[in-house]
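Given next are the chains, with one letter for each unit.
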There are 2 protein chains.
Amino acid sequence: MATGRSHRPATRSRGIPEATVARLPLYLRALTALSERSVPTVSSEELAAAAGVNSAKLRKDFSYLGSYGTRGVGYDVEYLVYQISRELGLTQDWPVVIVGIGNLGAALANYGGFASRGFRVAALLDADASLAGRLVAGLPVRHIDELEAIVADNQVSIGVIATPAGAAQEVTDRLVNAGVTSILNFAPTVLSVPDGVDVRKVDLSIELQILAFHEQRKAGEGRQEPDGDVPAVMPA
Amino acid sequence: MATGRSHRPATRSRGIPEATVARLPLYLRALTALSERSVPTVSSEELAAAAGVNSAKLRKDFSYLGSYGTRGVGYDVEYLVYQISRELGLTQDWPVVIVGIGNLGAALANYGGFASRGFRVAALLDADASLAGRLVAGLPVRHIDELEAIVADNQVSIGVIATPAGAAQEVTDRLVNAGVTSILNFAPTVLSVPDGVDVRKVDLSIELQILAFHEQRKAGEGRQEPDGDVPAVMPA
DNA sequence: CCATCTTTGTGCACGCGTTCACAAAGACAT
DNA sequence: ATGTCTTTGTGAACGCGTGCACAAAGATGG
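The structure presented is a predicted model; accordingly, all values stated were derived computationally and were not measured.

## Structural notes on the relation of the copies chain B and chain A
Turning to step 1, where the next piece is worked out: Screw-axis analysis of chain B against chain A gives a translation of 0.0 Å along the axis, an RMSD of 0.0 Å, and a rotation angle of 180°. Taken together, the rotation angle and the small translation identify this as a two-fold axis.
Turning to step 2, where the next piece is worked out: The residues that chain B uses at the interface reappear at the interface of chain A in 99% of cases, marking a shared surface.

Shown next, in the form of structure tokens:
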């Protein structure tokens, strides 16, 4: 089994650390909000508070992009919006297909955060033929068998998987075969992909489990734990 | 403005590193799949492949929980499922409320990964009164004004926010006031919470933007980039 | 033109996370 | 019982990310 690498082991793409790249969308959102309020400039301290990060970290992040600030003044909001957008590749059009139009797929199709950032939903696909033709977010749902043609015709390079876990790998294989090189996976499965294909995973229940861990710790803070205790079930 | 800390700066809760905690749900899922296939034992190598991680990392992760493996054999699947579940606090019942029953909220309510891991949806809440009473995933949608009573009556400690960004902070304040101490936030906003309250964020569009960044890098690999060039728009 | 004040950009140190590589431990065969 | 073989558990090294703290840079006022 060719187990594809899901996420690069901290590849520093063109000198920009992965951790910084992951924060750029955060800054971009905060800056967009400032821009809509016609705020001309912003200091690292203010912007950091708005984005929920440390100001030193923010300044270091920006320093990887270049020296876009003015000492004593701060950063020009519009200019920075442009620079970050360009760096993230959001100044160009990214056609995406969403596969699996259940509740989650519909939520994604309706999500305003996509269209406003250069992402264009090229098509909604589902294996359920009875869904075909129904309008979701103004787009007709199309049958999964049209996948290859749609990807080719629209030069789609990004696919979003919102199918049940069982279908995710097959959909992935078809997407990759058709030419998709980036996949956002909402299905709770580990996907195998060839080298050169990026996969990012969003798992709804994992986050909840992490919260439960910390919540348990809070609750059991005063209480005496049996801790190293042996459970009822013993190993073979 | 009291800007609440969103995520602890790598607090090592009870000796278990945060990074390890974040991977435990991954292992748990892989182990559950093995358990369903009645596989009795599994080696770190096999399990690591199934979970999509490095085997050395997996062994080190498990070593924080204790010595649950048998050298020369591997790990007992059932035993490990139990240990990880207990560590994550999934052996107990966690009532959660979901606020904002749009497409995303409905998707979350229907998501099977919750119920199967100790999470019980105590209530679905929405500000839209016309939704009240409608059944989603077998549960009636209730009005947001019932929030405080529901949280108190069911001893809810975990809240899930799937509202539009504009409503997220107000909902958060009400949840926290009512006694919720862990929040999973799907709204694209930075939430302010008092100390002692955990917030985890899932942002649908951020992941897509990170993919776009890498995709752009792939596309522009051979091409000559102007790179440090000055854009048409100049800063003030 | 000079002094002062604000805010950036970054050198440096520290700590966490990852990975390697191997000794210890146990299973299993003879 | 003894040796071999498999696989765990972990010591140690390394690299990345974070945050402090400050010098450099520029704005602003006199």
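## A short note on the interface of chain B and chain A
Turning to step 1, where the next piece is worked out: Across the contact, 76 residues belong to chain B and 76 residues belong to chain A.
Turning to step 2, where the next piece is worked out: Of the roughly 7,000 Å² buried at the junction of chain B and chain A (both faces included), carbon and sulfur atoms supply 64%.
Turning to step 3, where the next piece is worked out: Applying the counting rule to chain B against chain A returns 6 salt bridges.
Turning to step 4, where the next piece is worked out: Of the charged contacts in the structure, one is a salt bridge between A:Lys218 and B:Asp198, with a shortest N-O distance of 3.6 Å.
Turning to step 5, where the next piece is worked out: Scanning the region where chain B abuts chain A turns up 21 residue pairs in polar contact (both at pLDDT 80 or more).
Turning to step 6, where the next piece is worked out: Top contributing element to the side of chain B that touches chain A by residue count: helix H9 (residues 204-219) of chain B, with 15 residues.

## Let's talk about the UniProt feature "DNA-binding region" (unreviewed entry) in chain A
Turning to step 1, where the next piece is worked out: This chain's UniProt record puts "DNA-binding region" (unreviewed entry) on residues 26-65 of chain A.
Turning to step 2, where the next piece is worked out: Secondary structure across residues 26-65 of chain A comprises 75% helix and 5% strand; the distance between its end C-alpha atoms is 15 Å.

## A short note on the protein's contact with DNA strand D
Turning to step 1, where the next piece is worked out: Lining the immediate environment of DNA strand D, one finds 25 residues, of which A:Lys57, A:Lys60, A:Arg71, B:Ser44 and B:Tyr75 sit closest.
Turning to step 2, where the next piece is worked out: Here, DNA strand D places atoms within 4 Å of the protein, and 63% of those atoms are sugar or phosphate.
Turning to step 3, where the next piece is worked out: Between a phosphate oxygen of DNA strand D and a side-chain N or O atom of A:Arg23, the distance comes to 2.9 Å.
Turning to step 4, where the next piece is worked out: A distance of 2.7 Å separates a base nitrogen of DNA strand D from a polar atom in the side chain of A:Arg71.
Turning to step 5, where the next piece is worked out: Broken down by secondary-structure element, the contributors of at least two residues to the surface near DNA strand D are helix H1 (18-36) and helix H3 (55-65) of chain A together with helix H3 (55-65), strand S2 (69-70) and strand S3 (74-76) of chain B.
Turning to step 6, where the next piece is worked out: Of the residues assigned to the surface near DNA strand D, the class counts are 7 nonpolar, 9 polar and 9 charged.

## Some thoughts on the sheet that holds strand S3 (residues 74-76) of chain A
All names here are of chain A.
Turning to step 1, where the next piece is worked out: Reading across from one edge, S1-S3-S2 is the order of the 3 strands in this open sheet, with antiparallel pairing throughout. Every other strand in the sheet has two partners, leaving strand S1 (41-42) and strand S2 (69-70) as the edge strands with one partner each.
Turning to step 2, where the next piece is worked out: Pairing geometry for S1 and S3, over 2 bridges, is antiparallel. For Val 42, the partnering residue across the bridge sits in S3 and is Tyr 75.

## Some points on the packing of aromatic side chains
Turning to step 1, where the next piece is worked out: Under the counting rule described, the total for this entry stands at 10 aromatic pairs over all chains.
Turning to step 2, where the next piece is worked out: Pairing A:Phe62 with A:Tyr75 gives two aromatic rings, centres 5.2 Å apart and planes at 80°, and the pair type is edge-to-face. Within this pair, whereas A:Phe62 is found in helix H3, its partner A:Tyr75 is found in strand S3, the two being separated by 13 residues in sequence. Both residues of the pair, A:Phe62 and A:Tyr75, count as buried.
Turning to step 3, where the next piece is worked out: Ring plane angle 70° and centroid distance 6.5 Å describe the contact between B:Phe114 and B:Phe119, whose orientation is recorded as edge-to-face. Taken individually, B:Phe114 and B:Phe119 each receive the classification buried, so the pair is uniform in this respect.
Turning to step 4, where the next piece is worked out: Counting every residue linked through ring pairs, the aromatic cluster contains A:Tyr27, A:Phe62 and A:Tyr75.

## Let's talk about H1(A)
Turning to step 1, where the next piece is worked out: Between its first and last C-alpha, H1(A) extends 28 Å over 19 residues, near the 27 Å set by a 1.5 Å rise per residue.
Turning to step 2, where the next piece is worked out: Along H1(A), the sharpest change in direction is near 25° and occurs at A:Leu24; proline A:Pro25 comes one to four residues later.
Turning to step 3, where the next piece is worked out: Within H1(A), the full set of buried residues consists of A:Thr20, A:Val21, A:Arg23, A:Leu24, A:Pro25, A:Leu26, A:Tyr27, A:Leu28, A:Arg29, A:Ala30, A:Leu31 and A:Leu34.
Turning to step 4, where the next piece is worked out: Considering only its buried residues, H1(A) is in contact with S1, helix H2 (44-51), H3 and helix H4 (77-88) of chain A together with strand S10 (198-201) and H9 of chain B.
Turning to step 5, where the next piece is worked out: Following H1(A) by one or two positions, A:Ser38 has its phi on the positive side, about 60°.

## Side note on the pattern of salt bridges
Turning to step 1, where the next piece is worked out: With the rule as written, the count across this model stands at 18 salt bridges over all chains.
Turning to step 2, where the next piece is worked out: A:Glu148 serves as the salt-bridge partner of A:Arg174, at 3.0 Å between the closest nitrogen and oxygen. Of this pair, A:Arg174 sits in helix H8 (residues 165-178) while A:Glu148 is found in helix H7 (residues 147-154), placing the two residues 26 residues apart along the sequence.
Turning to step 3, where the next piece is worked out: The partly exposed category is assigned to A:Glu148, whose relative accessible area is 32%.
Turning to step 4, where the next piece is worked out: Here A:Arg200 makes a salt bridge to B:Glu207, at a shortest N to O gap of 2.6 Å. With A:Arg200 in strand S10 (residues 198-201) and B:Glu207 in helix H9, this residue pair bridges two chains.
Turning to step 5, where the next piece is worked out: Classification of B:Glu207 as buried rests on a relative accessible area of 17%.
Turning to step 6, where the next piece is worked out: Several salt bridges share partner residues, and in doing so they unite A:Asp145, A:Glu148 and A:Arg174 into one network.

Cut-off values and rules
Residues numbered from 1 in each chain as written. Chains lettered and ligands numbered in written order. Predicted model: local features only at pLDDT ≥ 70, side-chain atom pairs only at ≥ 80, totals over all residues. Heavy atoms only, no water. Least-squares fit on C-alpha atoms with pLDDT ≥ 70 in both. Contact = heavy atoms within 4.5 Å. Buried area = accessible area lost by both parts, 1.4 Å probe. Salt bridge = Lys/Arg side-chain N within 4 Å of Asp/Glu carboxyl O. Polar contact = N/O pair within 3.5 Å; in protein donor to acceptor, adjacent residues only side chain to side chain. Helix = DSSP H or I, 4+ residues; strand = E, 2+ residues; numbered from the N terminus. UniProt positions renumbered as here; feature names shortened; annotations may be inferred. Near = heavy atom within 4 Å. Nonpolar A, V, L, I, M, F, W, Y, C, P; charged D, E, K, R; others polar. Pairing = 2+ DSSP bridges. Phe/Tyr/Trp six-rings, centres within 6.5 Å; stacked < 30°, edge-to-face > 60°. Buried < 20%, exposed > 50% of the residue type's maximum accessible area, 1.4 Å probe, protein only. Expected span 1.5 Å × (residues − 1). Bend = angle between axes of the 7 residues up to and from the residue.

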